[in-house]
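Residues per chain, in single letters:
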Amino acid sequence: MNNANQQKAHLVIVGNGMATGRLLDELIKRDANAYNITVIGDEPEGSYNRIMLSPVLAGETELATIINKPAAWYAQNNIRFVAGVRANAINRQAQTVALADGSCIAYDELVIATGSRPALIPAKNQHLQNIFSFRTIEDVNSIASCAQAGRKAVVVGGGLLGLEAAYGLAQKGVQVTLVHRSKGLLNRQLDSGAGEFLQQVMASKNIQFALGTEVAAFNSGALGGSGFESETLKSATLTNGETIECDLAVISTGITPNKELGQEAGLACGRAIIVDDYMTSSDNRISALGECCEHKGETFGLVEPIWHQCISLAEKLCFKRNVAFVNPVVATKLKVSGVQLFSAGEHLTGDDCREIKMVDVKNKIYRKLVLRNNRIVGVVLFGDTRSGADYFELMQQAVDVSSVAALLIMGKAFYAEQLQAAQNLNQCANQADFAQADSLNTASTTVSKNANNDIAA
């Protein structure tokens, strides 16, 4: 190592997921030579686009295309990449990270970006063979090797990942039953109307559903047999008493933040590692980023807020500049071929809200806007999402849409001109009010001066 490198501070990043990949981009963009950087990842691959695992499973995308940063990229950017090794412990006093291979790495600044793991479900016998999570490249490879045409699968979870996993398996000719404890799919993003259309479309892609129930136990041996013939999955028993034959199961019911590395080092933790507006933990030398961190009581599972976190952290690390992280409103989209879905903000209509809705049953088109005080606070679109970005912009800007409420649901082509005219009118009225107020203020000042002159006289 040359003298210049020896003089630079050492930045160690634990975790090599999408958050780390984006943070490295933000750091290099600002100052590629600010630190000696070491990245520690427990997966053998470089940083990859985890969002695209679903198309890989479905056979619509090649695995190589989702690797954003292969091993060679780190070397080209003078970054030390420690691959396939887990970080076991942090010694805050010595400012070191102990790895599973027995080595120890010193740091001046440490970033914990350990991501999350699949949430556990209470079902019995999850140790059986051919029960998988859906989180990593290894998971996808294992599922794909097990998913042969004619097989039967249970997918647990009717959220985004569960639906995408079910679709990927169905594309491989697997008979899929999706089990979800709620009575509606994507119940955190869709209301019952949009959820029903989504279920119909997914059913047309050879996916069956068991909704409003959960898996009580996975079973081995022959279906209905009294003993265990092997440790291989054969069926799943639901809490409603139904038993479903299956050769494999994929559990995708949400995520749990990997906070343990920070927690065991004594960092303040709630559901995840607690950070301030600048991604700093309770130790000023340690930051946390992505799915393993908690900010103002919120944890994270979507990329958009994590990208904002990367900017705040890069500004702090490179320039010692405080750019506060603000958790943005994020729109939801589903990566399933032939399904158009957009959801943002409040998907349920509260007592203090009104809704504008258009439903086309034949073509399975559903459009709903939720308004509060004449501002859009929620958008749910299914089957036709062309206006999603326009509604999202109106929602973010809190635009008064009272003048175009009757036209709003039809899309921007119908309401844009009238809305602009109303905004121009309001602007003119505000300018007139300002001018009038300024005139009154000038007159008041003149009267005051004349009064003062009279007193002086």
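Before reading on, note that the structure itself is shown above.
Since this is a predicted model, take the numbers as computed values, not measurements.

Can you help me understand the overall build of the protein chain in this one?
A count of helical and extended segments in the protein chain gives 12 helices and 26 strands. Taken along the three principal axes of its C-alpha coordinates, the protein chain extends 110 × 70 × 35 Å. Within the protein chain, counting contacts between residues at least 6 apart in sequence, those at least 24 apart form 61% of the total. Carbon together with sulfur atoms contributes 47% to the accessible area of the protein chain, which is approximately 22,400 Å² in total. When the 40 positive and 45 negative side-chain charges of the protein chain are each reduced to one mean point, those points stand 1 Å apart.

I keep staring at the packing of aromatic side chains and nothing clicks. Help me out?
For any pair of aromatic rings, the description consists of the separation of the ring centres together with the inter-plane angle of the planes. As enumerated under the stated definition, the model contains 7 aromatic pairs in all. Between the aromatic rings of Phe197 and Phe382, the centroid separation amounts to 6.4 Å while the plane-to-plane angle is 40°, which identifies the pairing as tilted. Here Phe197, found in helix H7 (residues 192–203), pairs with Phe382, found in strand S26 (residues 375–382); they are 185 residues apart in sequence, far enough to count as distant. Residues Phe197 and Phe382 agree in their burial class; the two are buried. On the basis of an interplanar angle of 80° and a centroid distance of 6.4 Å, the ring pair of Phe342 and Phe392 is categorised as edge-to-face. Linking Phe342 in strand S23 (residues 341–345) with Phe392 in helix H10 (residues 388–396), this pair joins segments that are 50 residues apart in sequence.

How do you make sense of the pattern of salt bridges when you look at a structure like this?
Close approach of charged atoms allows side chains with opposite charge to pair. In this structure the tally under the stated criterion is 23 salt bridges. Arg30 is paired through a salt bridge with Glu315; the nearest N and O atoms lie 2.6 Å apart. A residue pair is termed long-range when its members are at least 10 positions apart, and Arg30 in helix H2 (residues 18–31) and Glu315 in helix H9 (residues 303–319) qualify at 285 residues. Taking the relative accessible area as the measure of exposure, Glu315 reaches 8% and is therefore buried. Between Arg50 and Glu43 there is a salt bridge, with the nearest N and O atoms lying 3.7 Å from each other. You can call Glu43 buried: its relative accessible area is 18%. Overlapping salt bridges bring together Arg22, Glu26, Lys29, Arg30, Glu315 and Arg321 as one network.

What is the right way to read the sheet that holds strand S24 (residues 354–360) from this model?
Backbone-to-backbone hydrogen bonds pair the strands of a sheet. The strands run either parallel or antiparallel. Strand order in this open sheet of 4 strands is S23-S26-S25-S24, and the pairing throughout is antiparallel. With partners counted over all chains shown, the strands left at the sheet margins are S23 and S24, one partner each. Ignoring strand direction, the axes of neighbouring strands in this sheet form an average angle of 15°. Alignment of S23 against S26, held across 5 bridges, turns out to be antiparallel. Within S26, the position partnered with Ser343 by the bridge is Val380. Contacts from H7 reach S23, S24, strand S25 (365–372) and S26, with the element oriented near 20° to S26. Relative to the sheet, H10 contacts S23, S25 and S26, its axis offset from that of S26 by approximately 160°.

Just to check I follow, could you spell out the nonpolar core for this structure?
Generally speaking, a soluble globular protein has its nonpolar side chains buried in company with each other. Within the largest apolar cluster, 49 residues are counted, with the highest numbers of intra-cluster contacts made by Leu23, Ile37, Ile90, Val97 and Leu110. Here the element with the most residues in this core is H9; it accounts for 7 residues. When near neighbours in sequence (up to four residues on either side) are disregarded, Val97 contacts Val12, Val14, Ile40, Ala87, Ala89, Ile90, Ser103, Cys104, Ile105, Tyr107 and Leu110. Counting residues in hydrophobic clusters, the runner-up holds 44 residues, among them Ala153, Leu169, Val336 and Val380.

Help me understand the environment of Thr213 in this model?
Here Thr213 lies in the loop between strand S14 (207–211) and strand S15 (215–220). Judged by its relative accessible area of 3%, Thr213 is buried. Between the C-alpha atoms of Thr213 and Asp384, which are 171 residues apart in sequence, the distance is 30 Å. If near-sequence neighbours (up to four positions away) are discounted, Thr213 is found in contact with Val179, His180, Arg181, Leu238, Thr239 and Asn240.

Help me understand the sheet that holds strand S11 (residues 131–133) in this model?
With respect to topology, 5 strands assemble into an open sheet ordered S11-S18-S12-S13-S14, the strand pairing being parallel. Edge strands, defined here as strands with exactly one partner in the open sheet, are S11 and S14. Pairs of neighbouring strands in the sheet enclose a mean axial angle of 20°, with direction left out of account. In the sheet, strand S12 (residues 152–156) pairs with strand S13 (residues 175–180) via 5 bridges, with the strands oriented parallel. Its bridge partner being in S13, Ala153 is matched across the sheet by Val176. Across the face of the sheet, helix H5 (residues 137–146) comes into contact with S11 and strand S18 (248–251) while running at roughly 145° to S11.

Quick question: what am I supposed to make of the packing of H2 against H9 here?
Pairs of packed helices are described in terms of their axes, by the angle between the two and the distance that separates them. Running from amino to carboxyl end, H2 crosses H9 at an angle of 40°, the nearest separation of the two axes being 9 Å. It follows from the interaxial angle that H2 and H9 lie oblique. Between H2 and H9 lies a crossing whose hand is right-handed. In this structure, H2 uses Met18, Ala19, Arg22, Leu23, Glu26, Leu27, Arg30 and Asp31 to contact H9, whose residues at the interface are Val303, Ile306, Trp307, Cys310, Ile311, Leu313, Ala314, Glu315, Leu317, Cys318 and Phe319.

Looking at this model, I keep getting lost on a nonpolar patch on the surface. Mind explaining?
On the surface, a nonpolar cluster with roughly 280 Å² of combined accessible area is contributed by Met358, Met410 and Phe414. Note on placement: Phe414 falls in helix H12 (residues 412–456).

Rules and cut-offs
- Residues numbered from 1 in each chain as written.
- Predicted model: local features only at pLDDT ≥ 70, side-chain atom pairs only at ≥ 80, totals over all residues.
- Heavy atoms only, no water.
- Helix = DSSP H or I, 4+ residues; strand = E, 2+ residues; numbered from the N terminus.
- Contact = heavy atoms within 4.5 Å.
- Areas by Shrake-Rupley, 256 points an atom, 1.4 Å probe, with all protein chains shown as cover.
- Lys, Arg positive; Asp, Glu negative; His and termini not counted.
- Charge placed at Lys NZ, Arg CZ, Asp CG, Glu CD.
- Phe/Tyr/Trp six-rings, centres within 6.5 Å; stacked < 30°, edge-to-face > 60°.
- Buried < 20%, exposed > 50% of the residue type's maximum accessible area, 1.4 Å probe, protein only.
- Salt bridge = Lys/Arg side-chain N within 4 Å of Asp/Glu carboxyl O.
- Pairing = 2+ DSSP bridges.
- Axes fitted to C-alpha atoms, helices over the stretch in contact; angles between N-to-C directions.
- Core = buried A, V, L, I, M, F, W, Y, C linked by side-chain atoms within 4.5 Å.
- Parallel < 35°, antiparallel > 145°, perpendicular 65-115°, else oblique.
- Left-handed = near helix turned anticlockwise from the far one by under 90°.
- Patch = residues over 30% accessible without salt bridge, like charges linked within 9 Å, V, L, I, M, F, W, Y side chains within 5 Å.

These figures capture arrangement, not role.
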